[in-house]
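# Inside the fold
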Amino acid sequence: MSAIVAVVIEERAAADAIRLAQARQLAQQLALPLVGPAEVGTGLVLVVTAARLELRLLAADAPGPVYVDFVGGAMGHRRKFGGGRGQLIAKAVGVKKGVIPAVVDATAGLGRDAFVLANLGCRVTMLERSPVVGALLHDGLVRASSDEEAADVIERLSLQIGDARQVLEAERQGALADVVYLDPMFPQRDKSALVKKEMRLFKALLGSDPDAPALLEAALKAARKRVVVKRPRKAAPVDGPEPGLVFEGKSTRFDVYLCPKS
Ligand SMILES: C[S@@+](CC[C@H](N)C(=O)[O-])C[C@H]1O[C@@H](n2cnc3c(N)ncnc32)[C@H](O)[C@@H]1O
């Protein structure tokens, strides 16, 4: 696991006073140096381009940049053509006719699952403890909120940076959440090229999430109706109680813990 070494600002972005001010603010927030592209050799960096914020690994065999794109790419495609309530994730969180639960996504990551849930009509509070991942997410939200087609889905998403265990316990987020959704980092997930690329950088940045059992415990106390945990299909469930329902897909599984109080 390695830390980000700098915020890099590209030339075109540095020539734009607003982008430059945003880059300075980000570097200050993350307590990182703000440098030009020529000033950094190797390592993990956040790059402010004229268009967006990217996570990049500067190394000989590095994968491409990782950024949040709610408008184009895989998420845009899913918004336009993705299945509705028939999707496994919809069944797992309990979306059905006349029932659209409010969700706390306590491991927001790059916001893909949160976006799918918001696309199904759920209000989703995203919690993310990595300030770097949080910055990528924030950037994606800001860009997408000015896109005519995506804006109504984005409007259902909100973001809070912080450890979900503390947030769930301290702020009683559960009062807002019918469902708490968890997707902790796990070794060897989906093998698609995109996920592999993201996972390489994510693993380099974050490592894995060994405290998932404690997060599951906090989620079970907070959720009104259910906790949903996404796992690789063949992985063991997170340590804790047995899931009450299991939805199994080709590569992914959703373990569902029904709350007795529901
Ligand atoms: C596998 S990624 C989630 C991917 C996400 N479901 C998506 O669709 O993009 C796991 C993320 O959860 C975050 N995370 C893990 N434990 C957390 C906690 N206790 N509180 C907040 N965020 C947490 C990690 O920093 C990481 O960004």
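Remember, predicted model here, so these are calculated numbers, not experimental data. (Residues numbered from 1 in each chain as written. Predicted model: local features only at pLDDT ≥ 70, side-chain atom pairs only at ≥ 80, totals over all residues. Heavy atoms only, no water.)

### Structural notes on the site of the ligand
Taken together, 20 residues lie near the ligand, and Leu110, Asp113, Glu128, Ala164 and Asp183 sit nearest. A distance of 3.3 Å separates an oxygen atom of the ligand from a polar backbone atom of arginine 112. Considering the ligand on its own, with 610 Å² of exposed area, one finds that the protein chains cover 98% of that surface. Residue assignment for the shell around the ligand shows that the elements contributing at least two residues are helix 5 (112–119), strand 6 (124–128) and helix 9 (193–206). In terms of residue class, the shell around the ligand is made up of nine nonpolar, four polar and seven charged. (Near = heavy atom within 4 Å. Polar contact = N/O pair within 3.5 Å; in protein donor to acceptor, adjacent residues only side chain to side chain. Areas by Shrake-Rupley, 256 points an atom, 1.4 Å probe, with all protein chains shown as cover. Helix = DSSP H or I, 4+ residues; strand = E, 2+ residues; numbered from the N terminus. Nonpolar A, V, L, I, M, F, W, Y, C, P; charged D, E, K, R; others polar.)

### A closer look at unusual backbone geometry
One can expect most non-glycine residues to show negative phi and most peptide bonds to be in trans. The residue alanine 31 is not glycine, and still its phi comes out positive at about 55°. Its place among the elements puts alanine 31 in the loop between helix 2 (17–29) and strand 2 (34–35).

### Section: the side chain of aspartate 255
Along the chain, aspartate 255 falls in strand 11 (residues 252–258). Overall, the relative accessible area of 1% leaves aspartate 255 in the buried class. Within polar-contact distance, the side chain of aspartate 255 engages the side chain of arginine 253 at 2.8 Å. Once residues within four sequence positions are removed from consideration, aspartate 255 is found in contact with Val227, Val228, Val229, Arg231, Pro237, Pro243, Leu245 and Val246. (Buried < 20%, exposed > 50% of the residue type's maximum accessible area, 1.4 Å probe, protein only. Contact = heavy atoms within 4.5 Å.)

### Details of the layout of surface pockets
Roughly 510 Å³ of volume is contained in the second largest pocket. Looking at the second largest pocket, it is lined by 20 residues, and the ones nearest its centre are Leu26, Leu53, Ala135, His138 and Asp139. For the lining of the second largest pocket, the elements supplying multiple residues, two or more each, are helix 2, helix 6 (131–145) and strand 7 (157–161). Here the lining of the second largest pocket is built from residues that sort into 12 nonpolar, five polar and three charged. Shared between two domains, the lining of the second largest pocket holds at least three residues of each, these being domain 1 (4–58) and domain 2 (73–258). (1 Å grid on protein atoms, 1.4 Å probe; cavity = no way out; pocket = protein on both sides within 12 Å on 5 of 7 lines; lining within 4 Å. Points joined across faces, edges and corners; volume = space filled by probe spheres on them. Domains from an automatic or database assignment.)

### A closer look at the domain arrangement of the chain
Per the domain assignment, the segments making up the chain are domain 1 (4–58) and domain 2 (73–258). Contacts between domain 1 and domain 2 engage 12 residues on the former and nine residues on the latter. Summing both partners gives a buried area of about 930 Å² for domain 1 against domain 2, and 82% of it is carried by carbon and sulfur. The three residues of domain 1 that bury the most area against domain 2 are Leu44, Leu53 and Leu55, which together make up 49% of that side's buried surface. (Buried area = accessible area lost by both parts, 1.4 Å probe.)

### Focus on helix 6
The first and last C-alpha atoms of helix 6 sit 21 Å apart over 15 residues, in line with the 21 Å expected at 1.5 Å per residue. Those residues of helix 6 lying buried are Val132, Val133, Gly134, Ala135, Leu136, Leu137, Asp139, Gly140, Leu141 and Ala144. (Expected span 1.5 Å × (residues − 1).)

### Some details on the pattern of salt bridges
Scanning the model with the defined rule gives 13 salt bridges in all. Glutamate 10 is the partner of arginine 56 in a salt bridge, and the nearest nitrogen-oxygen pair spans 2.9 Å. In this pair, arginine 56 sits in strand 4 (residues 53–58) while glutamate 10 sits in the loop between strand 1 (4–9) and helix 1 (11–14), placing the two residues 46 residues apart along the sequence. Taken together, the shared-partner salt bridges in this structure form one network comprising Glu10, Arg52, Glu54 and Arg56. (Salt bridge = Lys/Arg side-chain N within 4 Å of Asp/Glu carboxyl O.)

### Considerations on the environment of tyrosine 257
By secondary structure assignment, the location of tyrosine 257 is in strand 11. On the basis of relative accessible area, tyrosine 257 is assigned to the buried category, the value being 3%. Considering only alpha carbons, one finds tyrosine 257 and alanine 204, 53 residues apart in sequence, at a separation of 31 Å.

### Thoughts on the sheet that holds strand 11
With mixed pairing, the seven strands of this open sheet are ordered in space as 7-6-5-8-9-11-10. Two strands in the sheet have a free side with no partner beyond their single neighbour: strand 7 and strand 10 (245–248). Within the sheet, the average angular offset between the axes of one strand and its neighbour, ignoring direction, is 20°. The sheet contact formed by strand 9 (residues 226–232) and strand 11 spans seven bridges and is antiparallel. The partner of arginine 231 across the bridge, within strand 11, is arginine 253. Where helix 5 meets the sheet, it contacts strand 5 (103–105), strand 6, strand 7, strand 8 (179–182) and strand 9, and its direction lies at approximately 175° from that of strand 6. (Pairing = 2+ DSSP bridges. Axes fitted to C-alpha atoms, helices over the stretch in contact; angles between N-to-C directions.)

### Regarding the sheet that holds strand 2
The sheet built from four strands is open, its strands ordered 2-1-3-4 with mixed pairing. Each of the sheet's edge strands pairs with one partner strand only, and the pair in question is strand 2 and strand 4. For strand 3 (residues 43–48) and strand 4, the ladder comprises six bridges, and the chain directions are antiparallel. Of the residues in strand 4, the one forming a bridge with valine 45 is arginine 56. Along the sheet face, helix 2 touches strand 1, strand 2, strand 3 and strand 4 and points at about 170° away from the line of strand 1. The strands that helix 6 touches are strand 1, strand 3 and strand 4; relative to strand 4, the one it contacts most, it runs at about 135°.

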